[in-house]
Amino acid sequence: MFLCFLQLLEFLPSLTPGRLPPTSEPAKKINTAGTSNADVPLADPGMYQLDITLRRGQSLAARDRGGTSDPYVKFKIGGKEVFRSKIIHKNLNPVWEEKACILVEHLREPLYVKVFDYDFGLQDDFMGSAFLDLTQLELNRPTDVTLTLKDPHYPDHYLGIILLSIILTPKEGEHRDVDLSENEVVGSYFSVKSFFWRTCGRPALPVLGFCRAEFQSTYSQNAQFQTQSLRLSDVHRKSQLWRGIVSITLIEGRDLKAMDSNGLSDPYVKFRLGHQKYKSKIMPKTLNPQWREQFDFHLYEERGGIIDITAWDKDAGKRDDFIGRCQVDLSALSREQTHKLELQLEEGEGHLVLLVTLTASATVSISDLSVNSLEDQKEREEILRRYSPLRIFHNLKDVGFLQVKVIRAEGLMVADVTGKSDPFCVVELNNDRLLTHTVYKNLNPEWNKIFTFNIKDIHSVLEVTVYDEDRDRSADFLGKVAIPLLSIQNGEQKAYVLKNKQLTGPTKGVIYLEIDVIFNAVKASLRTLIPKEQKYIEEENRLSKQLLLRNFNRMKRCVMVLVNAAYYINSCFDWDSPPRSLAAFVVVEDMLEDEEEEDDKDDKDSEKKGFINKIYAIQEVCISVQNILDEVASFGERIKNTFNWTVPFLSWLAIAALCVGTVILYFIPLRYIVLVWGINKFTKKLRSPYAIDNNELLDFLSRVPSDVQVVQYQELKPDPSHSPCKRKKNNLG
């Protein structure tokens, strides 16, 4: 059950309503939302639980060119979104059968129901709205509700109906934070936290505010605020910790539906588990794609959850075509076991083949500064023993331990009209995200929290972002720092200057962090040679003139290096330096080989496009060129930075690999090495049919930062005026 627990924390009633006995009367039907019921006491200060089942829609409005819509439903109370349904594609009579549990402080605020048509990459179309007067509902009695959708601008238009089932029950006001079970706490927080990571990882939290007007004295205001702050901090601590890991490997698709005029498709797959999303790569021109992609989701519910899977056909310059959908019920899968699933696509054709594994949660925690694992001698010894050199082959995925102390920030930007901000902090390590509580109306907040993570890749980058919480819109960005784990100095409290979103320049404010990293160097080295974990919450690349020019200049520098190398080689043939030319002649005679290249040309699509589609197609091509320039330039820069000792750990690892290779070649003939390599390569698919293909050299280079990343990870020197001692001296003067 998903509970919006943050709404419970928004108000603390001072009285406890009596609990009414349950009733087994049949469901009452309400055709439309009418006027308020005078029999319901509006002044009752108790909490109410609203259990809503979104049944279905009938005769909804068509908003797409094909005469259909892709409808989804939003519930709002008091101007805040408390629920959003899944999207039903190409259906004017959708069936949702989704349940939501909402806690409301009083019944004066109506429940607003809004229906939208989902448009990929565009603004969603409005399909109608209705409201339900909660005072009309009877307590503890199931009620079937039929809502007629209307458009305020065109009140005479018929837009269809929405069918709901609702039960309204009172909740006791005293000790609600104690009575809630752990499952309820987790579900309640993440029913609202789904808005937090809705787009590109940017927070959009509803307000955790307080209605001070209802209190009769300043004393009660302050007491209420402090109580809620403590409870809110406790909820953040409990509800962010995941209970397990869902490891998913997308293997292949079979006999997918052809969506293009050439009888093929360009398929990709989207996964969603709660607020977590992942998008696979695009496989061009095939109905039997081979993805071989692996990623992890966090499992927050004890009983599992539902993974929504949708397959799409990529179309340049126009909306992507829907191929089909399917679901995976995690509650039906056993733990600590890999399951091979062949899923039939609904509303389409074909199958998807997946490997799904549910494992126990890794060590992750949130605590106050008073609870420090590394300061406890026994716990520290246990952590050091876990990552000692003697435990090299024990759980290779568990590379190390990270502890982050988020202490405070100073001199933050003003984000509110009051001249203050409501800052909170998000700590990210790859796809692991935790956050602090919000400190209201403060430009110098103190969080004093400790976060611990398991390290799966020592080359990961710790990202700490500060946001300003806003009531009815996305949180405002205040600043960000990116810290490579290998650059951290253990146990040192440092002031990090906050940067802009692109991490290219400073913004206002500093944040004080103390970080400790403990890891096994051998495990870290072995993990360097496997594919890097991809972030599943990332902004899609957009066309940017500045970015395109920067990538072109980077590419130009790499090409000039090759041109200079070519001039150097050409000088060897001119015998400007006889010893150098003689040495080059001997090398070329031994290593010269003939190579043939074949260029495959794809047939061009002769389909005629409109002017708008051509504009979109040109934009897609420019983005592709921009990304290719970035990849090629980054590849050259990573090779350079390997030899420049930008990351000493990786440079030493490369030297060690070359030394080992030299020793092997000295004792073992090259033909035997090539024979073993060939046997391994050709039998890999037989030994492990679902193994993910990878290139160890490219995986190694992916860990080396490019020149752009070197600038992003570079620490800026803090302004001396941010020092507390300096400010005190200035104030005394």
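I will try to describe carefully the structure that is included in this document. (Residues numbered from 1 in each chain as written. Predicted model: local features only at pLDDT ≥ 70, side-chain atom pairs only at ≥ 80, totals over all residues. Heavy atoms only, no water.)

### Side note on the overall build of the protein chain
The helix and strand tally for the protein chain stands at 14 helices and 26 strands. Each of the 733 residues in the protein chain was classed as buried or not, and the buried ones make up 45%. Counting only carbon and sulfur atoms, one obtains 55% of the accessible surface of the protein chain, whose full area is about 39600 Å². (Helix = DSSP H or I, 4+ residues; strand = E, 2+ residues; numbered from the N terminus. Buried < 20%, exposed > 50% of the residue type's maximum accessible area, 1.4 Å probe, protein only. Areas by Shrake-Rupley, 256 points an atom, 1.4 Å probe, with all protein chains shown as cover.)

### Quick word on the pairing of strand β19 (residues 400-410)
Along any regular strand, the residues point their side chains to alternate faces of the sheet. Within β19, eleven of the eleven residues are buried, which leaves it mostly tucked inside the rest of the structure. Alignment of β19 against strand β26 (residues 506-519), held across ten bridges, turns out to be antiparallel. Looking at β26, one finds that Phe-401 is bridged to Ile-518. Relative to strand β22 (residues 446-455), β19 runs antiparallel, the two sharing eight bridges. Paired with Val-406 across the two strands is Lys-449, which belongs to β22. (Pairing = 2+ DSSP bridges.)

### So, empty space enclosed by the protein
By the definition in use, this model includes eight cavities of 30 Å³ or more. Surrounding the largest cavity, Val-481, Ala-482, Ile-483, Tyr-496, Val-497, Lys-499, Gln-712, Tyr-713, Gln-714, Glu-715 and Leu-716 form its lining. Listing elements by their share of the lining of the largest cavity, those giving two or more residues are β24 (476-484), β25 (492-499) and α13 (707-713). (1 Å grid on protein atoms, 1.4 Å probe; cavity = no way out; pocket = protein on both sides within 12 Å on 5 of 7 lines; lining within 4 Å. Points joined across faces, edges and corners; volume = space filled by probe spheres on them.)

### Considerations on the sheet that holds strand β10 (residues 244-254)
One open sheet accounts for four strands, arranged β13-β10-β17-β16; its pairing is antiparallel. Each edge of the open sheet carries a strand with a single partner, namely β13 (290-299) and β16 (338-344). For this sheet, the mean inter-axis angle between neighbouring strands, taken without regard to orientation, is 25°. Pairing between β10 and strand β17 (residues 351-360): ten bridges, direction antiparallel. Its bridge partner being in β17, Glu-252 is matched across the sheet by Val-353. (Axes fitted to C-alpha atoms, helices over the stretch in contact; angles between N-to-C directions.)

### Description of the sheet that holds strand β4 (residues 80-84)
Spatially, four strands are ordered β4-β3-β6-β7 in an open sheet, and the strand pairing comes out antiparallel. Single-partner strands in this sheet number two, and they are β4 and β7 (125-132). Geometrically, the sheet is characterised by an average inter-axis angle of 25° between neighbouring strands, direction not taken into account. Across seven bridges, the pairing between strand β3 (residues 71-77) and strand β6 (residues 111-117) is antiparallel. Counterpart to Lys-76 in the pairing with β6 is Tyr-112.

### So, unusual backbone geometry
One non-glycine residue with positive phi stands out, namely Asn-140, at about 60°. With respect to the helices and strands, the residue Asn-140 is situated in the loop between β7 and β8 (143-148). According to the relative accessible area criterion, Asn-140 is buried, its value standing at 13%. Residues other than glycine seldom take positive phi values, yet Arg-292 does so here, at roughly 55°. Looking at Arg-292, the relative accessible area reads 13%, which means it is buried.

### Focus on helix α11 (residues 670-687)
Helix length check: α11, at 18 residues, gives a terminal C-alpha distance of 25 Å against a target of 26 Å (1.5 Å per residue), a fit within 8%. The sharpest bend along α11 measures roughly 30° and falls at Lys-681. (Expected span 1.5 Å × (residues − 1). Bend = angle between axes of the 7 residues up to and from the residue.)

### Overview of the nonpolar core
Counting 44 residues, the largest nonpolar core has Leu-402, Val-406, Ile-511 and Ile-515 as its most contacted members. Excluding residues that lie within four positions of it along the chain, Ile-515 makes contacts with Leu-402, Gln-403, Val-404, Leu-462, Ile-483, Ile-488, Gln-489, Asn-490, Gly-491, Glu-492 and Tyr-496. By size, the runner-up hydrophobic cluster in this structure holds 33 residues, among which are Leu-54, Met-127, Leu-132 and Leu-164. (Core = buried A, V, L, I, M, F, W, Y, C linked by side-chain atoms within 4.5 Å. Contact = heavy atoms within 4.5 Å.)

### Comments concerning the environment of Asn-288
With respect to the helices and strands, Asn-288 occurs in the loop between β12 (276-279) and β13. Distance in space between the C-alpha atoms of Asn-288 and Arg-254 is 4.7 Å, their sequence separation being 34 residues. With near-sequence residues (within four places) excluded, Asn-288 lies in contact with Gly-253, Arg-254 and Asp-255. A polar contact of 2.9 Å, which involves the side chain of Asn-288, links it to the backbone nitrogen of Asp-255. (Polar contact = N/O pair within 3.5 Å; in protein donor to acceptor, adjacent residues only side chain to side chain.)

### Comments concerning the pattern of salt bridges
By the definition in use, this model includes 17 salt bridges. One salt bridge in this structure joins Glu-342 and Arg-254, with 3.4 Å as the shortest N-O distance. Of this pair, Glu-342 sits in strand β16 while Arg-254 is found in strand β10, placing the two residues 88 residues apart along the sequence. Arg-254 sits in the partly exposed class, given a relative accessible area of 28%. Of the charged contacts in the structure, one is a salt bridge between Glu-533 and Lys-456, with a shortest N-O distance of 3.6 Å. Remark: Lys-456 occurs in the loop between β22 and β23 (461-468) and Glu-533 occurs in the loop between α6 (521-527) and α7 (545-573); sequence separation between them is 77 residues. On the accessibility criterion, Glu-533 (28% relative accessible area) is partly exposed. On the basis of relative accessible area, Lys-456 is assigned to the partly exposed category, the value being 24%. Here the salt bridges share partners, and the residues they tie into one network are Glu-252, Arg-254, Lys-340 and Glu-342. (Salt bridge = Lys/Arg side-chain N within 4 Å of Asp/Glu carboxyl O.)

### Regarding the packing of aromatic side chains
Considering all chains together, one arrives at 14 aromatic pairs under this definition. Relative to Phe-477, the ring of Tyr-467 lies with its centre 6.3 Å away and its plane at 80°, an arrangement referred to as edge-to-face. Here Tyr-467, found in strand β23, pairs with Phe-477, found in strand β24; they are ten residues apart in sequence, far enough to count as distant. By relative accessible area, which is 8% here, Tyr-467 ends up buried. Taken together, Phe-271, Tyr-278, Phe-295 and Phe-297 form an aromatic cluster joined through their ring pairs. Stacked on the ring of Phe-116, the Lys or Arg Lys-74 has its end atom at 4.8 Å from the ring centre. Looking at Lys-270, its charged tip hangs above the ring of Trp-312, at a distance of 5.3 Å from the centre. (Phe/Tyr/Trp six-rings, centres within 6.5 Å; stacked < 30°, edge-to-face > 60°. Lys NZ or Arg CZ within 6 Å of the ring centre and 35° of its normal.)

### With respect to the side chain of Asp-516
Take Asp-516: it is sitting in strand β26. Buried Asp-516, no salt bridge; nearest opposite-charge side chain is Arg-380, N-O distance 5.2 Å. Setting aside its immediate chain neighbours within four residues, Asp-516 contacts Leu-374, Phe-401, Leu-402, Gln-403, Asn-490 and Gly-491. (Lys, Arg positive; Asp, Glu negative; His and termini not counted.)

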